[in-house]
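# Residue-level structure breakdown
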Amino acid sequence: MGYRFIAFLLKCVVTTTLLQTTQGLADEDPAAFRQIVADEVARYDNGGTAALDARFADTAPEKAMIIYNDVIRYLYWNRFDIDSVVSLSEHAIDWGNLQLESADEKTKENITSRIRAIHYNLASFTWPGWGGGKQPITLTPENRKAGLNAARRNVEIHQQLKSPGKKMGNGLWMLGAHELAAGNHAVARQTFQQFLTLAKKEDVDQARFAEGWLYVVDLLTGVNEAASRKSLDEIVVKLSETKEGKFFADQYGRALTALAQTPCETVLFCKNEICSCQP
């Protein structure tokens, strides 16, 4: 189905347990990997990033990056600690970049791919347009700036790795969403148009989802509002014909509600379809 190319990378946003991790060690032994993550979270709690750096000194960099990623996800989903998520993500990215200096070409590619995944997760965790979740998460301007930078770097790495069209499309969508939240409407439109152009080569459902975001830009900027609303409503109807499609269709409304109130000094994530700026 056309939505699946987005869904497999959006798992980091809709997943709530470490057992659903699908990379590396988690495939080999999910229970053992969950314990490893728990151990590393405790290590981080007690000694910060220095303790993790010492722990990973003799660990294959690719595996260390996977563990970093899941510690970050744990801090997000289990503690809703967005500041730690941002700081640890940025540290893990810096750590991974240092490992590139002494790695062979194949290992460099693997490390770079793991770095890209952390960039994507950081971007997704810091975008104020998500709806739902266990509780609202407060995003500061600094958090959102970190997410925008991560979204940009995610696309750059996709280009560097010559990622397949479907993965690149997902990265373009995330970047467009962040540019939109930052008020960079022209850049957001250009990015979503790139996403649409790429998606047309892949699948009609992908293209439909991409096109909807162009109408979201129009509605947020007051361009052809009546026509844009009608066109977006038609896309929502088509996407909502399946349960999976409805998940993505719902993102338009939640994003419109959240982003219509930005820029805010602090933005709360949507909860039960209601989004608000913090006073």
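Reading the values: rules and limits
Residues numbered from 1 in each chain as written. Predicted model: local features only at pLDDT ≥ 70, side-chain atom pairs only at ≥ 80, totals over all residues. Heavy atoms only, no water. Salt bridge = Lys/Arg side-chain N within 4 Å of Asp/Glu carboxyl O. Helix = DSSP H or I, 4+ residues; strand = E, 2+ residues; numbered from the N terminus. Phe/Tyr/Trp six-rings, centres within 6.5 Å; stacked < 30°, edge-to-face > 60°. Buried < 20%, exposed > 50% of the residue type's maximum accessible area, 1.4 Å probe, protein only. Expected span 1.5 Å × (residues − 1). Axes fitted to C-alpha atoms, helices over the stretch in contact; angles between N-to-C directions. Parallel < 35°, antiparallel > 145°, perpendicular 65-115°, else oblique. Contact = heavy atoms within 4.5 Å. Nonpolar A, V, L, I, M, F, W, Y, C, P; charged D, E, K, R; others polar.

Turning our attention to the pattern of salt bridges. Inspection of the entire model under this criterion finds 13 salt bridges. Across the salt bridge formed by D205 and R208, the nearest N and O atoms sit 3.0 Å from each other. Taken together, the positions of D205 and R208, both in helix 10 (residues 204-221) and 3 residues apart, correspond to about one turn of that helix. Between E234 and K230 there is a salt bridge, with its nearest N and O atoms 2.7 Å apart. Of this pair, E234 and K230 both sit in helix 11 (residues 225-239), separated by 4 residues, roughly a single helical turn.

It is worth spelling out the packing of aromatic side chains at this point. Applying the stated rule across the entire model yields 17 aromatic pairs. A centroid spacing of 5.0 Å and a plane angle of 85° characterise the contact between F247 and F248, whose relative ring orientation is edge-to-face. Classification of F247 by relative accessible area gives partly exposed; the value is 28%. Members of the aromatic cluster, connected to one another through ring pairs, are W127, W173, F192, F195, F209, W213, F247, F248 and Y252.

For the rest of this paragraph, the subject is helix 4 (residues 61-77). Taking 1.5 Å per residue, 17 residues should reach 24 Å; helix 4 reaches 24 Å between its end C-alpha atoms and fits that length. With respect to burial, helix 4 is a largely interior element, 15 of its 17 residues being buried.

To continue, consider the packing of helix 4 against helix 5 (residues 82-100). Close contact between helix 4 and helix 5 brings their axes to 9 Å; oriented N to C, the two are set at 175°. Relative to helix 5, the element helix 4 lies roughly antiparallel. Here helix 4 contributes P61, A64, M65, Y68, V71, I72, L75 and Y76 to the contact with helix 5, which in turn contributes I82, S84, V85, L88, S89, H91, A92, W95, G96 and Q99. For the contact of helix 4 with helix 5, the residue count by class is 13 nonpolar, 5 polar and no charged.

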